[in-house]
Structures are given as C-alpha cells and as structure tokens.
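Listed below are the residues making up each chain.
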Amino acid sequence: MDMLGLIGRDRPLFDTDIGRHDAELSALVQASRFLVIGGAGSIGQAVTREIFKRQPKALHVVDLSENNMVELVRDIRSTLGYIDGDFRTFAIDCGSRSFAALLVAERGYDYVLNLSALKHVRSEKDPFTLMRMVEVNVLNTISTIAQAQAGGARKYFCVSTDKAANPVNMMGASKRIMEMFLMRASESLPISTARFANVAFSDGSLLHGFNQRFAKRQPISAPNDVRRYFVTPQESGELCLSSCLLGNNCDIFFPKLSEQLDLTRFSDIAVRYLQALGFEPYECASEDEARDRAVELIARKRWPVYFFASDTTGEKDFEEFYTGAETLDMDRFEAIGVIKNEPLYDDAKLDHFLATIDQIRSGPTWDKPELVALFNAMIPEFQHKETGKYLDGRM
C-alpha cells in the first residue's frame, strides 16, 4: 500500500537532506557504538534500521516489549541482513537494575538514543497511568542521561513531540518538562532532540488501528474535524538520527512545513485507505449502526465507517513544532528546521518538580488534580484541555 499517498504526499520529506549528509552520517555511524532505548517501538525500530544499514561498530537495542523486539530482529534480518558490527537486543526496562548492570558491563557507548515514551493522550485519563507517564517521559530520561554520562557517552539524544510546543495535554506537557531537564543536563553532556508529527501507522496510532479493524472485519471510526501532520516511519528515523549526529548541543530538529507537509484529516485518510483496499466507505450515523451492519456491508464491498466531531480531553486544535519565543535556524537544511536553544533553566523549579513527585509517589495513592497543579506550576502557560471525555470511550 502507498503510505505516502494515504497521507496526501507524493515524495519523501528528507531525501535531499539525507543525500547531502549521508557520507557524514555513515562515517559517524561506522566509527561509533550505539545504544537505542525504546528501540522496539515504531520510531525506535525506524532509528535502529537507519543505524544498522550504515554499519555501526556496535548497536545494542533495549526495550520492554519482548515480542516487538523479536519482530525488529526478524524484519532487519529479512531486509538488511547482517553487519560485521555487534548487533544485540535486550528485553529489559531502562529504569531497572538490569539496565544499570548492562551499562556497566558494556561501558563505552558513543551515542545513547532514548526513544522510549508514553505517547498517548489517552494515558492521562487517570492519575496512575499519568504517574507512569512522568516516570517514563521525565524520570527515566534524567536517570539514563546520568548513566550515559557515567559511561563516557559523547552525545545523548531524546525524542520529544510537536505536542510539547504550547501543550494542551499532559503528554505534551510531560515532554515539555522533559525538555527543561534536558537543558540542565546539557551543561555536562551534549544533548539534542527532535519534535515531529504523527508517525503514520505507528503502533497504537489511529492509522495502525485501521489495519487492526480491517484484519478483524470491524468498522473504522475516525474524527472528521482533526487535522494532523504525518511523517512515515522511515522519515521519523531519519530525523532522529540527523538530530543525534548532526545536531549541536541543545538543538531541537523538526520537519519544515511546506507544500509537501500539509495537514490531513483522519477521516480523509480512512476513505483513501479503504478505497486502496477495494472497498467503498459507507458512512454510518452512529457506532451502533456501524457495528450492527458490518457483516452485511462488508459482504457487499462497502466498509462501515463512523466519522465524528472530536470532543475528548487533550486534543489540540492544530499542530505546531515551535513557539514564537524560540530561535529558529531555517537555512541549514532544506526540509529540517532547527530550534536553537541556550541551556536556560530554572534550578529551583526543576528541583521543586522532583521533590513534589517524590512526595506524591511516597503516599499510598494519589489524585490527578495534584499532578495537574504541578504541571501548571512548571508551565504557567499550560492550557490543559479537560472535557471529561477520553479516547477510551470511543470505538
């Protein structure tokens, strides 16, 4: 299936930039040892492939998902084959004692790339999953930076999100807070990051859900008023590797907006997706109708769809990669913009965040309002968009 066509494009975003810098990227990869954290997720797999195909001295991949790690290896062996370098995977948690032991045993990574994240807006619906979001997106980042530095790493890369620019949801705000801690850590270890749009058909995404619904002969549901930017998995890997290897300390890479990167509605992608598979979308008036008529409609090569106006918590009306207060370099690359940061941070505010999180976690349980209040204290301009409705309440 033509992924670019589904998301409304006819050519890859970064071909020119990658072509111009590929010799430099390849030389750096071939001379270096890499650790990829969260390497079995969609972006992590894409980054791993970009490193692997450039023949690294060592490439070690860490992820909690044992099954996704198996698929990563099978996929690489079936397409790229083998390298002379040391390629290994480890099904462990980057916040665990096992991970700390791995870094001691394998001391000497040149580049540590952290692609682990809780990425779903739906993860903020309860205080318990929200606390895990803080642990993964913020606390694990802090600890893995310290471990990378102790092991002599030359550079640390950590993925961010477009939702960190003027955040309206807790996921985006957690990544913005993470960026604050990155600025502090950059005083002792060079760090770069990347903000980018939705990765088309990434695990757990709405478009990935289209594949699942089609395989299970179930209706497809999508908002008809939410417009998003999309990059392909390969583009996500190229952007992250470029930021890691070509970015200066504190740089944030992002895809430039152009006629090649335009906002696209989920409902429009659903229509193109079904037509590419030989089905005519049949728009139903409700979830019940879509479910009840699925067997009948699909037998007639018509696929039930339910399109609706979004009203769930944390949905941003539009996407942006940077704020008006950030300094941009739009000249270095053709399709990549760079946010140029000085390592500015508020020590007292960051220490308050950590102390408050420790205090909350020490209690027998916790409530969402105290976490929201802490996020508001960290980001005064944070406009949390709470509607009382969440994606888990949708089909």
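As the structure is a computational prediction, the values presented were derived from the model and not from experiment.

Q: I keep staring at the overall build of the protein and nothing clicks. Help me out?
A: For the protein, the helix and strand inventory stands at 14 helices and 16 strands. Since a compact globule built from 395 residues should have a radius of gyration of about 21 Å, the 21 Å found for the protein is in line with a globular shape. Projected onto its principal axes, the C-alpha coordinates of the protein cover approximately 60 × 50 × 40 Å. The burial tally for the protein puts 54% of its 395 residues in the buried class. Nonlocal contacts in the protein, meaning residues at least 24 apart in sequence, comprise 79% of its contacts between residues at least 6 apart.

Q: Help me understand the packing of aromatic side chains in this model?
A: Here a ring pair, both rings aromatic, is described through the centre-centre distance and the interplanar angle of the planes. One pass over the structure, following the stated rule, counts 17 aromatic pairs. Ring centres 5.4 Å apart and planes at 55° place the aromatic pair phenylalanine 253 and phenylalanine 333 in the tilted group. With phenylalanine 253 in strand S11 (residues 252-255) and phenylalanine 333 in the loop between strand S15 (327-329) and strand S16 (336-340), the pair connects residues that are 80 residues apart, well separated along the chain. Each member of the pair, phenylalanine 253 as well as phenylalanine 333, is classed as buried. Aromatic ring contacts, followed pair by pair, group Phe201, Phe210, Phe214, Tyr273, Phe279 and Trp303 into a single cluster. A cation over a ring is seen here: arginine 217 above phenylalanine 214, with NZ or CZ 5.8 Å from the ring centre. In this structure, lysine 301 is placed above the aromatic ring of phenylalanine 279, and the distance from its NZ or CZ to the ring centre is 4.0 Å.

Q: Hey, could you run me through the sheet that holds strand S5 (residues 155-159) in this one?
A: The strands that make up a sheet pair up through hydrogen bonds in the backbone, lying either parallel or antiparallel. Overall, mixed pairing links the 9 strands, which are arranged S3-S2-S1-S4-S5-S6-S11-S16-S15 in an open sheet. This sheet does not close on itself; its edge strands, each paired only once, are strand S3 (86-90) and S15. Adjacent strand axes in the sheet meet at a mean angle of 20° when their direction is disregarded. The sheet contact formed by S5 and strand S6 (residues 191-194) spans 4 bridges and is parallel. The partner of valine 159 across the bridge, within S6, is alanine 194.

Q: Sorry if this is basic, but what is going on with the sheet that holds strand S14 (residues 302-308) here?
A: If you trace the 3 strands from one edge of the open sheet to the other, you get S8-S14-S13, paired in parallel fashion. Looking along the sheet, the strands with just one partner apiece sit at the ends: strand S8 (220-223) and strand S13 (280-283). Strand-to-strand twist of the sheet, defined as the mean angle between neighbouring strand axes without regard to direction, takes the value 40°. Both S13 and S14 contribute to a ladder of 4 bridges, which runs parallel. Residue pairing across strands places proline 281 opposite tryptophan 303, the latter belonging to S14. Its contacts with the sheet place helix H8 (residues 206-215) against S8 and S14, and it is angled at close to 160° to S8. Contacts from helix H10 (residues 266-276) reach S8, S13 and S14 within the one sheet, and its direction differs from that of S8 by about 150°.

Q: Any chance you could explain the pattern of salt bridges here in plain terms?
A: Proximity of charged atoms lets side chains of opposite charge pair with each other. All told, the structure shown has 22 salt bridges when counted by the stated rule. Between glutamate 179 and arginine 176 there is a salt bridge; the shortest N-O distance is 3.1 Å. Here the residue glutamate 179 and the residue arginine 176 both occupy positions in helix H7 (residues 170-185), the gap between them amounting to 3 residues, near one helical turn. Among the residues examined, glutamate 179 registers a relative accessible area of 2% and is labelled buried.

Q: How do you make sense of the packing of helix H6 (residues 127-150) against helix H14 (residues 368-378) when you look at a structure like this?
A: In a packed pair of helices, the relevant descriptors are the angle between the two axes and the axis-to-axis distance. One can describe the packing of H6 onto H14 by two numbers: an axis separation of 9 Å at closest approach and a directional angle of 35°. Crossing of H6 against H14: the hand is left-handed. Note on element contacts: H14 touches H6 through Lys368, Leu371 and Phe375, opposite Pro127, Leu130, Met131 and Val134. Looking at the contact of H6 with H14 residue by residue, the class counts come to 6 nonpolar, no polar and 1 charged.

The rules behind these values
Residues numbered from 1 in each chain as written. Predicted model: local features only at pLDDT ≥ 70, side-chain atom pairs only at ≥ 80, totals over all residues. Heavy atoms only, no water. Helix = DSSP H or I, 4+ residues; strand = E, 2+ residues; numbered from the N terminus. Rg over C-alpha atoms; globule rule 2.2 N^0.38 Å. Buried < 20%, exposed > 50% of the residue type's maximum accessible area, 1.4 Å probe, protein only. Contact = heavy atoms within 4.5 Å. Phe/Tyr/Trp six-rings, centres within 6.5 Å; stacked < 30°, edge-to-face > 60°. Lys NZ or Arg CZ within 6 Å of the ring centre and 35° of its normal. Pairing = 2+ DSSP bridges. Axes fitted to C-alpha atoms, helices over the stretch in contact; angles between N-to-C directions. Salt bridge = Lys/Arg side-chain N within 4 Å of Asp/Glu carboxyl O. Left-handed = near helix turned anticlockwise from the far one by under 90°. Nonpolar A, V, L, I, M, F, W, Y, C, P; charged D, E, K, R; others polar.

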